[in-house]
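# Notes for the structure review
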Number of protein chains: 2
Amino acid sequence: MRILLIAALFSCSTTALAADPLPSWNDGDTKAAILDFVEAVTTEGGPGFVPIAERIATFDNDGCLWAEQPAYFQLAFSIDRVKALADDHPEWKTTEPFKSVLADDLKAVAGQGMKAVAQIAMVAHADMTADEFEASARDWLNTAVHPKLGRRYVDCVYQPQLELLSYLRANGFKTFIVSGGGIDFLRVFAEEAYGIPPEQVVGTSIKATYELRDGVPVIIKQPELDFVDDKAGKPVGIYQHIGRRPLLACGNSDGDLQMLQYTTIPRNEEDDTPRLGILLHHTDADREFAYDRESSVGRLDVALDEASSRGWIVIDMAQDWATIFPE
Amino acid sequence: MRILLIAALFSCSTTALAADPLPSWNDGDTKAAILDFVEAVTTEGGPGFVPIAERIATFDNDGCLWAEQPAYFQLAFSIDRVKALADDHPEWKTTEPFKSVLADDLKAVAGQGMKAVAQIAMVAHADMTADEFEASARDWLNTAVHPKLGRRYVDCVYQPQLELLSYLRANGFKTFIVSGGGIDFLRVFAEEAYGIPPEQVVGTSIKATYELRDGVPVIIKQPELDFVDDKAGKPVGIYQHIGRRPLLACGNSDGDLQMLQYTTIPRNEEDDTPRLGILLHHTDADREFAYDRESSVGRLDVALDEASSRGWIVIDMAQDWATIFPE
Ligand SMILES: [Ca+2]
Ligand SMILES: [Ca+2]
């Protein structure tokens, strides 16, 4: 009898675990739509079944997997280096976006968009080896603390998204980051933070060169933009880097509009494979931030209007997420 | 007794299978070095052990995974389209590399190197959608036959390399192609031919753009070179696309010199992780082709000289491979 009870308890708890792979998501339409979608594409013999090799999921990063207010985190990282190099570049005092950086006016920098961010990252990170860059980014990520959230930047990742990534991988998905942020910066923390290996990170890049330096191979990061992985650049980045149309795409701003279109819009009448577009709507000023159409960082306007006609899910952060950050 | 015999036979045959994952490789130093290397990096607790996530293997394609004589196969594919478009481009009659293409002088084209090949591919394949390109490449690959080998180009893959790729994957390696050939062309056949998915193909690329055409998302291939994944471009391609230093790299020409350096040369005194560089030396005029230092296609000269000082394995095709092509 006692053994039966223990067995029943054990069975109960494993069933409960299996039944809720997304414990930080509140029950509701959003969570149900995600669970239904994954069930549809993984049910062998079902009408929506998709082979494992084609289960590609792409996630934006800033404001989608981790926070992005009051400014992109990579910008915060870049600022220390820009300031350190400012004496050698007197022209920056009058040239944007450096002028705003040196004036500590992060809002003005962010307002100039991802390209400005990439430009700062480029100047701040160029003329060093890939290893040197990785070491400096790693140092910063290990120590720097978010001014409002009061935790390390790497701990400003979203717990519900960590669960979603794990859930997708447990169901045969390959999870990718497709971000307007710098690919090298992302790779420093993506594996530990999200379980996403470097080869599954797509991002904005600067040029690089190879040479033997004193007989030792080095990659040198060059001060020239290579590719901007934002807006219409996201489907191009997916095409060039992954070479396969995603089954699921998740973003949070107009920078993700084209990625969600590319993922979800049927190509022709026969194209009836289930595809899921997801937008994260920042509606939680208490626990995180609330912003959308008027924000200079992570503006969500056109994509929000397009969501209903395209059938994209819109996550209401305040309503759909029981927890925001990991404990 | 009979059961014991059967059991013994069965045990024997499974042992034999387990003992020879590379049946098309003749026993000898080359095969032994590969088996020893894989054992070293996969033996938990051993001094050379490498976690699965870091087991990256990169393979050149032309002349390494499939044949490349008398000209790169992608060139053969491109020529039909160049000829078809020639009437609209009278200037090609006097401009290289098109002049040589129209004169059926493949040797002259190949002699102009990978960049000329990419240039032909670019003009031949531009101003069409990614889907249109894929369809035309697929058609060609399904039907076109190699002039000397008398088999479809996709069947000119090397059986021993297929076994090596499978063996590496069975030991936790992620296998990548890192080729001077066009990334889009490679992706059309790499998954079926080699078991290498599109997202693990790195190659030379042309620019692409995204648009909605009549409301349907399309990627348009643009007539502008984006990245040349050859020579010093190979470590750069690995850095940008994979973001991790390979554990094993295999090539067949001077175009792979820098990839093998990048993979194998220790970065400092503490860097004692086992790394394997492999060169395929085409020494078999009877079963395939014999060429090295003087060949305009797949020249192997500087890298061959560097092999012994770097400790790279050189596959002697005639001696080390029992079989060349799949039956
Ligand atoms: Ca974002
Ligand atoms: Ca080659």
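Residues numbered from 1 in each chain as written. Chains lettered and ligands numbered in written order. Predicted model: local features only at pLDDT ≥ 70, side-chain atom pairs only at ≥ 80, totals over all residues. Heavy atoms only, no water.

Under the annotation held in an unreviewed UniProt entry, chain A carries the name Haloacid dehalogenase-like hydrolase and is attributed to Botrimarina colliarenosi.

### Looking at the coordination of the calcium ion (ligand 1)
Residue and element names in this part refer to chain A. Note on the calcium ion (ligand 1): its protein donors are D60 (OD), D62 (O) and N252 (OD1). The metal-donor distances range over 2.1 to 2.2 Å. Counting the intervening residues between successive donors of the calcium ion (ligand 1) yields the motif D-x1-D-x189-N. Remark: N252 occurs in the loop between β6 (248-251) and α11 (257-264) and D62 occurs in the loop between β1 (56-59) and α3 (73-85); sequence separation between them is 190 residues. The exposure class of N252 is buried, given its relative accessible area of 2%. (Donors = N, O, S within 2.8 Å, 3.2 Å for Na, K, Ca; no water. Helix = DSSP H or I, 4+ residues; strand = E, 2+ residues; numbered from the N terminus. Buried < 20%, exposed > 50% of the residue type's maximum accessible area, 1.4 Å probe, protein only.)

### Brief notes about the relation of the copies chain A and chain B
For the match of chain A to chain B, the screw axis carries a shift of 0.0 Å, the RMSD comes to 0.0 Å, and the turn is 180 degrees. As the rotation angle and translation indicate, the two copies are arranged about a two-fold axis. By C-alpha distance to the rotation axis, the residue of chain A lying nearest is H241(A), at 3.5 Å. Interface overlap between copies is the fraction of interface residues in one copy that are interface residues in the other; for chain A against chain B it reaches 100%, indicating a shared surface. (Least-squares fit on C-alpha atoms with pLDDT ≥ 70 in both. Contact = heavy atoms within 4.5 Å.)

### Observations regarding empty space enclosed by the protein
Applying the stated criterion across every chain yields a total of three cavities of 30 Å³ or more. Taken as a whole, the largest cavity spans an internal volume of roughly 160 Å³. The wall of the largest cavity is formed by 19 residues, among which Q74(A), A121(A), G182(A), T204(A) and I206(A) lie closest to the centre. Sorting the residues of the lining of the largest cavity by element identifies α6 (113-125), β3 (174-182), α9 (183-194), β4 (201-213) and β5 (216-227) of chain A as the ones contributing at least two each. Among the elements that make up the lining of the largest cavity, the one with the highest residue count is α6(A) (six residues). Considered class by class, the residues forming the lining of the largest cavity number 10 nonpolar, seven polar and two charged. The calculated volume of the second largest cavity comes to roughly 140 Å³. For the lining of the second largest cavity, the element with the most residues is helix α6 (residues 113-125) of chain B, which contributes six residues. Here the residues of the lining of the second largest cavity are counted per class, giving 10 nonpolar, seven polar and two charged. (1 Å grid on protein atoms, 1.4 Å probe; cavity = no way out; pocket = protein on both sides within 12 Å on 5 of 7 lines; lining within 4 Å. Points joined across faces, edges and corners; volume = space filled by probe spheres on them. Nonpolar A, V, L, I, M, F, W, Y, C, P; charged D, E, K, R; others polar.)

### Focus: unusual backbone geometry
With an omega of 0 degrees, the peptide bond running from Q69(A) to P70(A) counts as cis. In this fold, P70(A) is placed in the loop between β1 and α3. Put simply, E96(B) and P97(B) share a cis peptide bond, and its omega is 5 degrees. Inspection of the secondary structure puts P97(B) in the loop between α3 (73-85) and α4 (98-102).

### Description of the packing of aromatic side chains
Per the stated rule, a full pass over the model turns up 32 aromatic pairs over all chains. Judged by centre distance (4.7 Å) and plane angle (50 degrees), the ring pair of W66(B) and F73(B) falls under tilted. As far as burial versus exposure is concerned, W66(B) and F73(B) are alike and both buried. Between F185(B) and F189(B), the ring centres sit 5.8 Å apart and the planes meet at 70 degrees, which makes this aromatic pair edge-to-face. Pair noted here: F185(B) and F189(B) are both in helix α9 (residues 183-194), with a separation of four residues, about one helical turn. Taking the relative accessible area as the measure of exposure, F185(B) reaches 3% and is therefore buried. Put simply, the rings of W66(A), F73(A), F77(A), F133(A), W140(A), Y153(A), F185(A), F189(A) and Y194(A) pair up and form one aromatic cluster. (Phe/Tyr/Trp six-rings, centres within 6.5 Å; stacked < 30°, edge-to-face > 60°.)

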